[in-house]
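Structural characterization, general
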Amino acid sequence: MAAAMANQGERAVLEEEFKWLLQEEVHAVLRQLQDILKEASHRFALPTSGSGGAFKQENFVLSTSSTDQVKGVMTLQGDALCQADVNLKMPRNNQLLHFAFREDKQWKLQQIQDARNHVNQAIYLLMNRDVNYQFKTGLEVLKLMDAVMLQLSRARNRLTTPATLTLPEIASSGLTKMFTPALPPDILVNFYINLNKLCLTVYQLHVLQPSTTKNFKPAGGSVLHNPGATFEFGSQRYEVSHVHKVECVVPWLNDALVFFTVSLQLCQQLKDKISVFSSYWNYRPY
């Protein structure tokens, strides 16, 4: 009898603790998550003060310390490259090529746009449970955390996992039509985000003659194609002769990735606390 009463007392204490967790601590964590994710969202927007919400322009120099064959100066405005100036030194004759975006063109970085959309969706999910909302079960909290974590994971993955493209996809991209003077037919370029970096890849090509004895096997999709990769575009076959990749850190992308990591940790910690209650004496808060 005494043991049963003790168990009832422990259960009552446990139920009070769980009730406090649902009513108080869950909302405290949700507020903290909203604050962090709003900071992350602001990093993507980068509004200029007093400009009616216009995006601030930031200039970045893309280069590498090992070679000066490619150098790019890019202007990033929110999720768009609005200016790009690229200098390329051709290795076979040291000829210097210069090409830049046409004034009427800008290139949307879909990775940044998608990541921002996922962050905003996570904020929307959190704001749907305002301070007056009463969570009734642990399962309800777990489902909300899973939904938020899914959006945050997708946001992070968009920045950490660039798209894999075939060389014909790069060749037919609208990016090739944005430059003045027009890109020569033996040059391909690609821009993408990798983690906290803005990357530019320049491919130099040479034409494979129909009479060549070289075994032709078109390259598949990749983030970065290596020299020797072959592909067919139009009625012509090409081989990649040189690859140049230059990059630079975008500080606010680094901030956003840190915010994603902290937010995911907070979500997991709350899930762990909810789950702890299910492990005591087969107590099920669900």
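Okay, so let's go over this structure. (Residues numbered from 1 in each chain as written. Predicted model: local features only at pLDDT ≥ 70, side-chain atom pairs only at ≥ 80, totals over all residues. Heavy atoms only, no water.)

What to know about the sheet that holds strand E10 (residues 236-249)
So the rule is basically this: Strands were regarded as paired on the criterion that DSSP finds at least two bridges between them. Numbering goes from the N terminus for both helices and strands, where a helix is a DSSP run of H or I of at least four residues and a strand is a run of E of at least two. Helix axes use the C-alpha atoms of the stretch in contact, all axes being lines fitted to C-alpha atoms, and the angles between their N-to-C directions lie in the range 0 to 180 degrees.
Spatial ordering of the open sheet is given by E7-E8-E10-E9, a layout of four strands whose pairing is antiparallel. Here the strands that pair on one side only, and so sit at the sheet edges, are strand E7 (187-194) and strand E9 (230-233). Each adjacent strand pair in this sheet contributes to an overall mean axis angle of 40°, direction not counted. Bridge count for E7 against strand E8 (residues 197-208) is eight bridges, and the pairing is antiparallel. For Ile-187, the partnering residue across the bridge sits in E8 and is Gln-204.

Observations concerning the pairing of E8
For a regular strand, side-chain orientation follows a simple rule: the groups alternate between the two sheet faces. Rule in force here: The buried label applies to any residue whose accessible area, calculated with a 1.4 Å probe on protein chains only, is under 20% of its type's maximum; exposed applies above 50%, and partly exposed to all values in between.
Within E8, nine of the twelve residues are buried, which leaves the element mostly enclosed by the surrounding structure. The turn joining E7 and E8, which pair antiparallel and follow one another in sequence, is formed by two residues; a positive phi near 60° is taken by Leu-195.

Some remarks on the nonpolar core
We count it as follows: The criterion is simple. A nonpolar core is a set of buried Ala, Val, Leu, Ile, Met, Phe, Trp, Tyr and Cys residues joined through side-chain atoms within 4.5 Å.
Core analysis: the biggest nonpolar cluster contains 69 residues, and Phe-44, Phe-191, Leu-200 and Phe-260 have the highest contact counts within it. Among the elements that take part in this core, helix H1 (residues 2-45) stands out by supplying twelve residues, more than any other. Residues Leu-167, Ala-171, Tyr-203 and Tyr-238 belong to the second largest nonpolar core, which totals ten residues.

Keep in mind that these numbers describe shape and distance, not what the molecule does.
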